[in-house]
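For reference, the chains in residue letters:
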Amino acid sequence: MPLDTAPVVPPGTVGSTEQPVLQAGGLLLRAWTEADADAIVAAFADPAIRRWHARTVDTRAEAAEMIAGYNRAWRAGRSAHWAIAGPRVIGRVALRTIDAAEGLAEVAYWIAAAERGRGAAVQAAAAVSEWALNVLGLHRLELAHSVLNTASCRVAQKAGFAFEGTKRSACLHADGWHDMHLHARIRGDT
């Protein structure tokens, strides 16, 4: 059925070119390569990453498949996943579930345990948000995290995401259903 409104971002915009390389302070945000598989396995050995991301990545083969999936999703225009490097991979930042027609995506991230507390997640989330809103042309970015993940709440606020509310029993983790805080940035927010 036809829409009454034009797509916010024209079809084919995401994935029609190489994924951009972005700068975030002293960090480089770049597409994942198979050479990064060991960094993913090491990161997912951390119980905190497993807790908040509700998945496991135990082998290099699983990490390589994850990376291949990230790259397929970019080419299909569904999502964009960046390795946060400085100079080695220290984390991930992503635009998940990109809806170009509606101008909407969800921001997600993780930082390796040894690198937390230094502002990398804030810098990366802010850089990806600026690109998504001001270059790609999305209208709204959402960021959701478990209400128990207070560190992620601080990242969202410092990266310019306004708190909007709580989504009750919205995400299944290994320890059960979690209420999720919802934050958002809109194009034009300062």
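The rules behind each value
Residues numbered from 1 in each chain as written. Predicted model: local features only at pLDDT ≥ 70, side-chain atom pairs only at ≥ 80, totals over all residues. Heavy atoms only, no water. Helix = DSSP H or I, 4+ residues; strand = E, 2+ residues; numbered from the N terminus. Rg over C-alpha atoms; globule rule 2.2 N^0.38 Å. Buried < 20%, exposed > 50% of the residue type's maximum accessible area, 1.4 Å probe, protein only. Areas by Shrake-Rupley, 256 points an atom, 1.4 Å probe, with all protein chains shown as cover. Lys, Arg positive; Asp, Glu negative; His and termini not counted. Charge placed at Lys NZ, Arg CZ, Asp CG, Glu CD. Salt bridge = Lys/Arg side-chain N within 4 Å of Asp/Glu carboxyl O.

Visitor: Explain the overall build of the protein to me, please; I cannot follow it from the model alone.
Guide: Secondary structure assignment for the protein yields five helices and eight strands. Beginning at the N terminus, the succession of helices and strands in the protein can be written as β-β-α-α-α-β-β-β-α-β-α-β-β. Relative to the globule expectation of 16 Å for 190 residues, the C-alpha radius of gyration of the protein, 16 Å, shows essentially globular dimensions. In terms of principal-axis extent, the alpha carbons of the protein reach across some 45 × 35 × 35 Å. Within the protein, the fraction of its 190 residues that count as buried is 45%. When the accessible surface of the protein is summed, it comes to about 9,700 Å², and 55% of that surface belongs to carbon and sulfur atoms. One finds the centroid of the 20 positive side-chain charges in the protein at a distance of 4 Å from the centroid of its 19 negative side-chain charges.

Visitor: Honestly, the pattern of salt bridges in this entry has me stumped. Any pointers?
Guide: Scanning the model with the defined rule gives 12 salt bridges in all. Its salt-bridge partner being R51, residue D175 comes within 3.8 Å of it at the nearest N-O pair. Pair noted here: D175 is in the loop between β7 (162-173) and β8 (176-186) and R51 is in helix α2 (residues 47-53), with a separation of 124 residues, a long-range link. With its nearest N and O atoms 2.5 Å apart, the salt bridge here joins R140 to E164. Placement of the pair is R140 in strand β6 (residues 140-146) and E164 in strand β7, with a sequence separation of 24 residues. Taking relative accessible area as the criterion, E164 reaches 43% and is therefore assigned partly exposed. Connected through salt bridges with shared partners, the residues R88, E115 and R118 form a single ionic network.

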